[in-house]
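Architecture at a glance
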Amino acid sequence: MSAMSFRNLLSAGDVEGLRAFWRNASPHLPQPESREQAEIVMHRARTEAESLPIDKRAYSHRWLCDRGLPSGLPDNLKPRAERIYPRVVEAVGISVNARSEMLKPLAREVERAMADAVEEAYADGRTDAGFIKARMAEVKDRTWRQLMGARL
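Notes on the structure in this doc start here. On a predicted model such as this, the values are computed, not experimentally measured, just so you know.

1. Brief notes about the nonpolar core
Grouped together as the largest cluster of nonpolar side chains are 13 residues, with contacts concentrated most on Val96 and Met114. For this core, the element with the highest residue contribution is helix 6 (residues 104-123), accounting for 7 residues. Once residues within four sequence positions are removed from consideration, methionine 114 is found in contact with Ile94, Val96, Met136, Val139 and Lys140.

2. Quick notes on the environment of glutamate 109
Structurally, glutamate 109 can be placed in helix 6. Separated by 50 residues in the primary sequence, glutamate 109 and tyrosine 59 place their C-alpha atoms 43 Å from one another.

3. Observations concerning the side chain of arginine 57
Tracing the sequence through the fold places arginine 57 in helix 4 (residues 54-66). One buried charged residue, arginine 57, forms no salt bridge at all, with the nearest opposite charge on glutamate 50 at 5.6 Å. Side-chain polar atoms of arginine 57 contact the backbone oxygen of alanine 49, separated by 3.2 Å.

4. Examining the pattern of salt bridges
Within the structure shown, the criterion is met by 12 salt bridges. Here glutamate 16 ties to arginine 35 by a salt bridge, and the two come within 3.4 Å at their closest N and O atoms. Remark: arginine 35 occurs in helix 3 (residues 35-48) and glutamate 16 occurs in helix 2 (residues 15-25); sequence separation between them is 19 residues. Close ionic contact of lysine 78 with aspartate 75 constitutes a salt bridge, the shortest N to O distance being 3.2 Å. Three or more residues joined by partner-sharing salt bridges are found here, namely Glu16, Arg19, Arg35 and Glu39.

Criteria and thresholds
- Residues numbered from 1 in each chain as written.
- Predicted model: local features only at pLDDT ≥ 70, side-chain atom pairs only at ≥ 80, totals over all residues.
- Heavy atoms only, no water.
- Core = buried A, V, L, I, M, F, W, Y, C linked by side-chain atoms within 4.5 Å.
- Buried < 20%, exposed > 50% of the residue type's maximum accessible area, 1.4 Å probe, protein only.
- Helix = DSSP H or I, 4+ residues; strand = E, 2+ residues; numbered from the N terminus.
- Contact = heavy atoms within 4.5 Å.
- Lys, Arg positive; Asp, Glu negative; His and termini not counted.
- Salt bridge = Lys/Arg side-chain N within 4 Å of Asp/Glu carboxyl O.
- Polar contact = N/O pair within 3.5 Å; in protein donor to acceptor, adjacent residues only side chain to side chain.

Okay, here's the thing in structure tokens:
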């Protein structure tokens, strides 16, 4: 197989094809022991391959970063890669307000209690949105009742 064949396999992201290429081209060198290991090597090579288009290099950069692995993408290309494949993050928005100025400090306490409930849920591995939403509503109601007494 030629360098062109290798570049085509790399461009296509063909992990099994690359494993076969490595076995045939360099049987004397250490080989990836698993598909996962080969995939890591492939993505790292794609980030470093100047002959590949930026979209393929950016995809591999994101793939590596999402798994906490080092990317070989040059620093000057990282901002562009982040625009092509932005990082997806999970977030929960919490906002509690009160019309009365006297109740605004209590609203901040309710907001903190809700934030604590979200952090506890994540710490327990409960990341499904339905559970978190229900837990926030429960804590909100309970905290307001505790702060305001039986009036609620």
